[in-house]
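Listed below are the residues making up each chain.
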Amino acid sequence: DWSRVVIFLVDERFGFQHEKDCNAGLVRASLIQALRDGGVPFSEEHQFFAPDTGLSWEECAKDYEKRLRELFLRQGPPSLVTLGLASDDSVASLFPEWYR
């Protein structure tokens, strides 16, 4: 039941010029488009993507945190979260040398 699914990103770029240069653009062009092509309507309300590049990165982070908190207060915490692990041991763009 895709109406119960909300997509939010834990890893996104800030300061991109074109949507094709960000992770949200990749998700829209692949997953969401494939759903729509298969006849599954996927509401914009169920896509929580950052950043709002009209804001500073600090304001953008605060805005995204606020929107996620509101979502979790309404719907409860996420049931499933997936994170990528890169060959350099980074997880969600948190690099090991930052926390060693």
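Source: prediction; values computed, not measured. (Residues numbered from 1 in each chain as written. Predicted model: local features only at pLDDT ≥ 70, side-chain atom pairs only at ≥ 80, totals over all residues. Heavy atoms only, no water.)

A. Examining the overall build of the protein chain more closely. From N to C terminus, the protein chain includes 3 helices and 2 strands. Overall, the protein chain shows an N-to-C arrangement of helices and strands of β-α-β-α-α. Taking all 100 residues of the protein chain together, 23% fall into the buried category. Within the protein chain, counting contacts between residues at least 6 apart in sequence, those at least 24 apart form 47% of the total. Of the roughly 7500 Å² of accessible surface on the protein chain, a fraction of 54% belongs to carbon and sulfur atoms. (Helix = DSSP H or I, 4+ residues; strand = E, 2+ residues; numbered from the N terminus. Buried < 20%, exposed > 50% of the residue type's maximum accessible area, 1.4 Å probe, protein only. Contact = heavy atoms within 4.5 Å. Areas by Shrake-Rupley, 256 points an atom, 1.4 Å probe, with all protein chains shown as cover.)

B. Up close: the environment of Leu-71. Within the secondary structure layout, Leu-71 lies in helix α2 (residues 57-75). Owing to a relative accessible area of 3%, Leu-71 belongs among the buried residues under this scheme. Between the C-alpha atoms of Leu-71 and His-46, which are 25 residues apart in sequence, the distance is 9.8 Å.

C. Looking closely at the confidence of the model for the protein chain. Counting all residues, the mean pLDDT for the protein chain is 80, and 83% of those residues have values of 70 or more. The lowest-confidence element of the protein chain is helix α3 (residues 96-99), averaging 62 in pLDDT; the highest-confidence one is helix α1 (residues 23-37), averaging 88. (pLDDT = per-residue confidence, 0-100.)

D. Layout of the nonpolar core. With 13 residues, the main nonpolar core has Ile-7, Leu-9, Val-27, Ile-32 and Phe-49 as its most contacted residues. Among the secondary structure elements, those contributing two or more residues to this core are α1 and α2. It is α1 that contributes the most residues to this core, 4 residues altogether. Those residues in contact with Val-27, other than ones at most four positions away along the chain, are Ile-7, Leu-9, Ile-32 and Phe-49. (Core = buried A, V, L, I, M, F, W, Y, C linked by side-chain atoms within 4.5 Å.)

E. View of α2. In this model, α2 (19 residues) spans 27 Å end to end at C-alpha, consistent with the 27 Å of a helix rising 1.5 Å per residue. Looking at the buried residues of α2, the elements they touch are β1 (7-8) and β2 (47-48). Phi turns positive one or two residues past the end of α2, at Gly-76, with a value near 85°. (Expected span 1.5 Å × (residues − 1).)

F. Focus on the side chain of Asn-23. Along the chain, Asn-23 falls in helix α1. Accessibility expressed as a relative area gives 19% for Asn-23, which makes it buried. Excluding residues within four positions of it along the chain, Asn-23 makes contact with Leu-9, Asp-11, Glu-12 and Arg-13.

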